Each structure stands twice: as structure tokens, then as C-alpha cells.
Amino acid sequence: MNHLIYLAFSLAPQTPSWILWSAFALILVLGGGAGVLSAFLLRDEARIRSKRDTETPPRDSL
Amino acid sequence: MTRKAALLTEALSHLLLSFVCGLFLFGSFAQSMGNDAVLPGTGGVFFWILTCGLRPFFGLILDEYPRLHAQTAGCVLVGIACLLPVAWGWGALLTAAVGYALFLTGAGGESLAFARGFFSRSALVFAGGLLGMSIGTLAPLWGLPRVIPGLLAFLPGGAVFFFAETRKYPRRIRSFRHSVSRNLPKGAVLGLNLVPLLAISFTAALIVPSDFDGYFRIFPALFSTAGVVAGGYVADRFGPRKAAVIGFSVALPLLTVFTHIPWLCCLGFGALFVPLSVVLGTSTISLSTHPHFAFGLCSVALLVGQLPALFGLHITATVRILAAVFLTVALAVSAFLYSDHCKLFARSFLHRENGGRR
């Protein structure tokens with residue numbers, strides 16, 4: 001990981017700004033997509049859990 | 001083959017494939033860019049962005065279709081990328097990034113799914129990447145022919161195909177559920193758990209040990225790898241909270257005050273990576289049916305933490321203060337979030353599942 005960052009250190013001052021901005025946009029798109037997906041998955045898990053909780057009868061009733 | 005041996009195969013395959021990727025980036029890809037000063041670095045950064053950023057999406061696919069041979073396919077793609085003609089530089093880079101992301105998502109998710117409450121098992125799989133990539137970046141010093149990394153990439157592909165990849169996934173990953181001490185909402189656990197990860201990647205990317213050139217460049221990665229492995233065993237033995245708190249407490253002074261002493265800085269890297277296996281294991285609590293996605297999300301958090309370094313923030317007094325603040329916050333979150341009960345749970349789990357054998 002660090003060696004790629006060393007590369008980036010040498011890269012940043014000379015790189016045209018459009019490359020840096022496109023890299024930033026790519027991170028935003030990928031990171032934002034992952035965030036939205038995780039929100040959906042968390043909601044699904046909560047729904048499954050609440051469904052399971054309501055379907056499982058209390059221990060006393062068995 | 002037992003799951004433990006399969007995890008070991010995945011760990012060695014991860015080490016070898018990371019080595020091949022380092023060789024490819026600093027060897028054949030850099031050659032294909034000619035004498036340009038900027039393009040090899042740009043390629044390296046885009047490789048890293050793609051390989052981390054694509055993992056959650058691949059993870060979602062693998063969670064839905066666990067029968068896909070993602071790790072083998074990843075190795076084959078990296079091998080093909082290394083064997084492509086020089087003129088295909090950017091195409092080869094894209095192929096290698098997709099292949100490496102596929103392999104890591106498969107290996108990472110699988111190691112979390114089959115860790116059975118032991119942080120050390122998943123830590124073993126994650127640890128190899130840092131060291132492998134670092135050794136691979138020394139490629140220009142060796143002058144290896146282009147065909148060598150290509151052929152080397154197929155070795156881990158064959159190994160994981162025959163010995164590691166599995167088709168029988170547990171429906172829910174519940175083995176790490178006692179690593180959190182509070183009864184918090186799952187979203188809060190997921191969010192808080194990413195704070196230590198952001199602190200680790202922010203600090204690791206910005207703090208660079210001075211005076212380390214040539215083969216000495218391996219040492220930060222060597223210490224980091226040792227830190228990840230040791231962290232797994234410490235978390236199993238003494239509990240995840242102690243592992244994370246000790247790791248951040250040791251890393252805080254070493255990486256903010258003693259950065260001018262390279263060996264102390266390396267020790268700091270080792271301590272910084274101690275909590276990594278705890279964070280990765282805990283991520284499966286909130287996403288218990290999606291271990292591959294959980295691993296991918298952690299990778300994206302690592303990438304986001306590296307953003308300041310990627311965009312040219314250099315180490316200065318202000319950065320040291322920022323790193324100190326970030327590490328202190330991570331220390332507080334770790335003390336708040338993690339528990340020390342995991343060890344007991346892992347033992348009882350093993351006793352039930354494996355007849356008491358580890």
C-alpha cells in the first residue's frame with residue numbers, strides 16, 4: 001500500500017488537474033455506490049430480522 | 001482439505017498474487033509507459049482506486065452467487081494482464097486491477113465466512129498483501145523478463161481452485177457477534193467500526209519512514225504484515241478491545257512524535273495494523289449475510305482514508321497533529337465499541353464444531 005502512495009507523492013505536483021479530478025470522481029462514484037448499497041443491505045437485514053422475530057413464537061408458548 | 005489449510009493456501013496465494021501485481025505495476029506497466037514521468041504513477045493510483053473501489057460490487061455478486069470461482073478467475077486475469085503486449089499498457093492495467101479485486105474479494109469474504117470467531121484466521125489471509133506488493137515493487141532492481149510474473153500469477157489460481165475455494169457457505173456469519181460490547185443499531189456498529197479503519201489508512205498513507213531506500217523499503221510493509229498477524233492472535237488470546245486499544249496506544253506516539261527515527265516508525269506501523277483484523281471481523285456483524293460485501297466496504301474505507309495522501313498532502317507538523325487526533329478518536333471508538341468476550345465465544349464455538357481441536 002505504501003509504495004503506491006509513494007508513487008502518488010511523486011505524481012501529485014506534476015499531474016494535470018483533470019487526472020486528479022477524474023480520480024477523485026471515480027472514488028466518489030465507487031465509494032458513494034458502496035455506501036448506498038450498504039444502506040440497502042442494512043435495511044434488508046433489519047427487515048429479515050424483524051420478520052424472524054415476529055414469526056418465532058415466544059419460548060413460553062411452546 | 002481442512003478449512004485451516006484452505007485459509008493458509010489463500011494467505012500464500014494472496015502474498016504471491018500481490019507480489020505479481022507489484023512486479024506488473026513497477027515492471028512491465030512502467031516499461032510500457034516509456035520514459036514518461038507522470039503516467040506510471042497515474043497508472044498506480046488508478047490501479048489502486050479500481051482494485052479497492054470495485055470490491056464491494058464484486059462482493060455483492062459473490063454473496064448472491066457463491067459458486068463463482070472468483071479467486072481463480074482473478075488470478076487468471078492478472079496472469080493475462082502480465083502477458084499482454086507492451087502496447088496494451090492501459091488495457092493490461094485495467095485487467096490486472098479487475099483480476100486483483102476479484103481475487104481479494106473472494107479470498108477476503110471467504111476468510112471472514114470461515115474464520116469461526118478467530119481473528120487470527122482472517123488476519124493470516126489479509127496480511128500477505130502488504131508484504132507481497134512491497135517485494136513486487138522492487139522489480140526494477142531485478143530486471144526480470146515480462147513472462148515471469150505472468151506465469152507466477154497462474155500458480156495461486158491453480159492452488160485456490162484445487163485447495164481453497166468452497167461452495168458450501170454458511171447462511172449467516174455470526175461467529176464475530178460477541179466482539180461488540182454495546183447493544184447498538186447495526187448501522188451504528190458498521191459506521192463506528194469504520195472509524196478505526198479510516199484512522200489506520202490515513203496514518204499509514206501519510207507517515208513515511210525517512211531514509212529507507214532500495215531493499216529497506218520492504219521494512220514498513222514487513223512490520224505492518226507482522227502487526228496484522230500478531231493482532232489476530234492478540235485479539236483471540238486477550239480479546240478484540242485489548243488488541244485494538246494496545247495497537248492504537250503504541251502507534252500514537254511512535255507515528256506522531258518519533259517519525260524521524262525509521263525503526264521506531266516501522267514499529268509504529270506494526271502496532272497500527274494490530275486492530276485491522278478486529279475491524280474486518282466486526283464488519284460481518286452488521287452484514288452477516290454478506291461477508292464479501294463487508295470486506296469490500298472495508299476496502300473502500302481504506303481507500304477513502306488514503307485520499308489526502310493520494311492528492312498530494314505531504315507530512316508536515318499539521319499532518320502529524322491530524323494523525324494524532326485521528327488515532328486518539330480511533331482509540332476512543334475502539335474502547336467504546338469492542339468487547340473482550342470474543343475469545344470465550346470462539347472457544348465454545350470450536351468445542352461445539354470441531355470437538356475442541358483448534
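Residues numbered from 1 in each chain as written. Chains lettered and ligands numbered in written order. Predicted model: local features only at pLDDT ≥ 70, side-chain atom pairs only at ≥ 80, totals over all residues. Heavy atoms only, no water.

A.B. asks: Describe the overall build of chain A, and please don't skip the residues or the numbers.
C.D. replies: When helices and strands are tallied, chain A shows two helices and zero strands. Of the accessible surface of chain A, which amounts to about 3900 Å², a share of 67% is contributed by carbon and sulfur atoms. (Helix = DSSP H or I, 4+ residues; strand = E, 2+ residues; numbered from the N terminus. Areas by Shrake-Rupley, 256 points an atom, 1.4 Å probe, with all protein chains shown as cover.)

A.B. asks: Run through the confidence of the model for chain B, naming residues and quoting values.
C.D. replies: Per-residue confidence for chain B gives a mean pLDDT of 82; residues scoring 70 or more make up 87%. The weakest mean pLDDT in chain B belongs to helix H17 (residues 342–354) of chain B at 53; the strongest belongs to helix H3 (residues 55–64) of chain B at 91. (pLDDT = per-residue confidence, 0-100.)

A.B. asks: Explain the pattern of salt bridges residue by residue, including any values.
C.D. replies: Residue and element names in this part refer to chain A. This model, assessed by the stated rule, comprises one salt bridge over all chains. Between Asp44 and Arg47 there is a salt bridge, with the nearest N and O atoms lying 3.8 Å from each other. A residue pair is termed a helical-turn pair when its members lie 3 or 4 positions apart in one helix, as Asp44 and Arg47 do in helix H2 (residues 17–55) at three residues. (Salt bridge = Lys/Arg side-chain N within 4 Å of Asp/Glu carboxyl O.)

A.B. asks: With reference to specific residues and values, describe a nonpolar patch on the surface.
C.D. replies: Residues and elements named next belong to chain B. Together, Val76, Ile80, Leu83, Trp142, Leu144, Val147, Ile148, Leu151 and Phe154 make up an exposed nonpolar region whose accessible area comes to about 700 Å². The set of elements that each furnish at least two residues to the nonpolar patch consists of helix H4 (70–83) and helix H8 (147–163). Examined against the element boundaries, Val147 turns out to sit in helix H8. For Val147, a relative accessible area of 40% gives the class partly exposed. (Patch = residues over 30% accessible without salt bridge, like charges linked within 9 Å, V, L, I, M, F, W, Y side chains within 5 Å. Buried < 20%, exposed > 50% of the residue type's maximum accessible area, 1.4 Å probe, protein only.)

A.B. asks: So what's going on with the environment of Pro308(B)? Which residues, and what values?
C.D. replies: All names here are of chain B. Following the sequence through the fold, Pro308 ends up in helix H15 (residues 307–310). A residue is classified by how much of its surface remains accessible, and Pro308, at 24% relative accessible area, is partly exposed. Sequence separation of Pro308 and Phe202 is 106 residues, and the distance between their C-alpha atoms is 7.5 Å.

A.B. asks: Help me get a handle on the packing of helix H6 (residues 119–136) of chain B against helix H10 (residues 218–238) of chain B, residues and values and all.
C.D. replies: Residues and elements named next belong to chain B. In contact at an axis separation of 8 Å, H6 and H10 are set at 180 degrees when each is read in the N-to-C sense. In terms of orientation, H6 lies roughly antiparallel with respect to H10. Contacts from Phe119, Ser120, Ala123, Leu124, Ala127, Leu130, Leu131, Ser134 and Ile135 in H6 reach Ile218, Ala221, Leu222, Ser224, Thr225, Val228, Val229, Gly232, Tyr233, Ala235 and Asp236 in H10. Grouping the constituent residues of the contact of H6 with H10 by class yields 14 nonpolar, five polar and one charged. (Axes fitted to C-alpha atoms, helices over the stretch in contact; angles between N-to-C directions. Parallel < 35°, antiparallel > 145°, perpendicular 65-115°, else oblique. Contact = heavy atoms within 4.5 Å. Nonpolar A, V, L, I, M, F, W, Y, C, P; charged D, E, K, R; others polar.)

A.B. asks: Describe in detail the packing of aromatic side chains, supporting the description with residues and values.
C.D. replies: Scanning the entire structure with this criterion turns up nine aromatic pairs over all chains. Taking the centre distance of 5.8 Å and the plane angle of 80 degrees together, the rings of Trp21(A) and Phe24(A) count as edge-to-face. One end of the pair is Trp21(A) and the other is Phe24(A), both in helix H2 and three residues apart, which spans about a single turn. Residue classification places Trp21(A) among the exposed residues on the basis of a relative accessible area of 58%. Members of the aromatic cluster, joined through ring pairs, are Phe24(B), Phe29(B) and Trp90(B). Across the ring face of Phe238(B), the terminal group of Arg237(B) is positioned such that the distance to the ring centre comes to 5.4 Å. (Phe/Tyr/Trp six-rings, centres within 6.5 Å; stacked < 30°, edge-to-face > 60°. Lys NZ or Arg CZ within 6 Å of the ring centre and 35° of its normal.)

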